[in-house]
Amino acid sequence: MAVSEQRAGVDLTNLDEPLSPDAGATKRDLVDYLEAVADRMLPALAGRPLTVKRVLRGQRPFMQKNAPKYTPDWVRTTPMWAEASQREVHYVLCDDLRTLLWLGNQRAVEYHPTLGLAANVYRPTHLVLDLDPPDDDFTKVVAVAHLVRQALADSGLDGAVKTSGAKGIHVFVPIDDASPVEDVAGATRALAARAESLDPDIATTAFIVSDRDGKVFVDSTRAGGATVAAAYSPRLRPGTPVSFPLAWSDLDSVTPSDFTVHTALAKLEGRPSWAQSMPAPQRIPDDLVEQGRTIPVARVAAMHEGKRRARAKRKAAEQ
């Protein structure tokens, strides 16, 4: 494989090949973007087990957790036991520009770090709400983002906001280490419920898609060992958009397509970085934890409801 050039000690290859038929970007565009945004992006990746989404020539995109066998010795990794596959997985830790460029050269387009650091991956450093609209109407998800901000303020909390890079919005709330992970997860459910209660005509916490009735889903399941697309991460979608941090006041005047690997860099000037946008870590209020304990875990509740509906359907068919 011919080396096109070298940057930060990384041999870069086949830079002028397109990432995908509809990406509107080449591997060079990806690497150029990652290099330019590294100072802002790396703080969101450093020390966190990383899952990447890669797209190889002529193949379907895939999520990669385990570092491949050809990973250079200088790339840091951390082992984690995977219950699903019953094996030890070695996740990459992307702490520096060299590693980031190596990943870019591997055609890793998306970067999904865990919410916890490698030292205690199931202890999230942030409480996260992922707002998922039913369609591409960004005004709907913006309206619900303002509900989330109000719910946070009513609870004495503050957060930072970014586009997901797809069609939704991520709200991050930095938290201290006073609460165990179960309480962090419960508080996330409680905040979602409080946002929903502010305007149930536009917001929902229904985990089952068919129950959402065209409303924006306030996803409270990003806790424990979950991952979320990093700030500034490109997304493997038409046009190669990126997850872009915003001021709350910006939400009403932007769309996700405003921020791509081609346009995002010019929009960074004068803006604080994602790390600078974060409030100081906050203690989760006791009443939020107490309310969260009364709310079932969404996936578990959805599983039981799915089984109940299946039984009811079978029973109706038998009659």
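Quantities reported herein were computed from a predicted structural model and do not represent experimental measurements. (Residues numbered from 1 in each chain as written. Predicted model: local features only at pLDDT ≥ 70, side-chain atom pairs only at ≥ 80, totals over all residues. Heavy atoms only, no water.)

Asks: Would you mind going over the packing of aromatic side chains with me for this structure?
Replies: Given two aromatic rings, one states the distance between the centres and the angle between the planes to describe the pair. Scanning the entire structure with this criterion turns up three aromatic pairs. Aromatic side chains phenylalanine 172 and tryptophan 274 sit 5.4 Å apart centroid to centroid with 80° between the ring planes, which places their arrangement in the edge-to-face category. Taken together, the residues span a long stretch of sequence, with phenylalanine 172 in strand β10 (residues 169–174) and tryptophan 274 in helix α6 (residues 274–277) at a distance of 102 residues. Residue tryptophan 274 is classed as buried on the basis of its relative accessible area of 6%. Each ring, one from phenylalanine 207 and one from phenylalanine 217, has its centre 6.2 Å from the other, and the planes form 75°; the classification is edge-to-face. Here the residue phenylalanine 207 occupies a position in the loop between β11 (203–204) and β12 (216–219), and phenylalanine 217 occupies one in strand β12, the gap between them amounting to 10 residues. Residue phenylalanine 207 is classed as partly exposed on the basis of its relative accessible area, which comes to 27%. (Phe/Tyr/Trp six-rings, centres within 6.5 Å; stacked < 30°, edge-to-face > 60°. Helix = DSSP H or I, 4+ residues; strand = E, 2+ residues; numbered from the N terminus. Buried < 20%, exposed > 50% of the residue type's maximum accessible area, 1.4 Å probe, protein only.)

Asks: Could you clarify how one ought to interpret the side chain of aspartate 183 in this entry?
Replies: Counting through the fold element by element, aspartate 183 comes out in helix α4 (residues 181–198). If near-sequence neighbours (up to four positions away) are discounted, aspartate 183 is found in contact with Val289 and Arg293. (Contact = heavy atoms within 4.5 Å.)

Asks: Even after reading the chapter, I still don't get the UniProt feature "domain: DNA ligase D polymerase" (unreviewed entry) in the protein chain, so can you show me in this structure?
Replies: UniProt's entry tags residues 26–269 with the feature "domain: DNA ligase D polymerase" (unreviewed entry), counted in the numbering of this structure. Note that residues 26–269 is 27% helix and 22% strand, and that its end C-alpha atoms are spaced 24 Å apart. (UniProt positions renumbered as here; feature names shortened; annotations may be inferred.)

Asks: How should I be thinking about the packing of helix α1 (residues 27–45) against helix α2 (residues 97–105) in this particular structure?
Replies: Helix packing for two helices is described by the angle between their axes and how far apart those axes are. Put simply, α1 and α2 touch, their axes get as near as 9 Å, and they point 140° apart. Relative to α2, the element α1 lies oblique. Crossing of α1 over α2 shows right-handed handedness. Here Lys27, Leu30, Val31, Leu34, Glu35, Ala38, Met41, Leu42 and Leu45 of α1 come into contact with α2, specifically with Leu97, Leu100, Leu101, Gly104 and Asn105. (Axes fitted to C-alpha atoms, helices over the stretch in contact; angles between N-to-C directions. Parallel < 35°, antiparallel > 145°, perpendicular 65-115°, else oblique. Left-handed = near helix turned anticlockwise from the far one by under 90°.)

Asks: What is the right way to look at the environment of threonine 51 in this model?
Replies: Its place among the elements puts threonine 51 in strand β3 (residues 49–54). Relative accessible area serves as the criterion here: at 2%, threonine 51 is assigned to the buried category. Spatially, the C-alpha atoms of threonine 51 and valine 92 are 7.7 Å apart, while their sequence positions differ by 41 residues. Ignoring sequence-local partners within four residues, the contact set of threonine 51 consists of Met63, Gln64, Lys65, Tyr91, Glu110, Tyr111, His112 and Thr227.

Asks: What is the right way to look at the environment of valine 161 in this model?
Replies: Of note, valine 161 is situated in strand β9 (residues 160–163). For valine 161, a relative accessible area of 0% gives the class buried. C-alpha separation for the pair valine 161 and leucine 246, spaced 85 residues apart in sequence, amounts to 5.9 Å. Leaving out residues up to four positions away in the same chain, valine 161 has contacts with Ile169, His170, Val171, Pro245, Leu246, Ala247, Trp248, Leu251 and Trp274.

Asks: Could you clarify how one ought to interpret helix α7 (residues 286–293) in this entry?
Replies: When α7 is considered as a whole, its buried residues turn out to be Leu288, Val289 and Gly292. Buried residues of α7, seen end-on, are gathered within an arc of 100° and therefore sit on one face of the element. Contacts made by the buried residues of α7 are with α4. (Arc of directions from axis to C-beta.)

Asks: Help me understand the sheet that holds β12, please; the structure alone is not making it clear to me.
Replies: One key point about sheets: their strands pair by backbone hydrogen bonds, in either a parallel or an antiparallel sense. As summarised here, the arrangement of the six strands in space is β11-β12-β8-β10-β9-β13, forming an open sheet in which the pairing is mixed. Each edge of the open sheet is held by one strand with a lone partner, namely β11 and β13 (245–246). As defined by bridge partners, β11 adjoins β12 across two bridges and the pair is classed as parallel. When the bridges of β12 are listed, alanine 203 appears paired with valine 216. Across the sheet, helix α3 (residues 138–154) is in contact with β8 (126–132), β9, β10, β11 and β12; its angle to β10 comes to roughly 15°. α4 contacts β8, β11 and β12 of the sheet and is inclined by roughly 40° relative to β8. (Pairing = 2+ DSSP bridges.)

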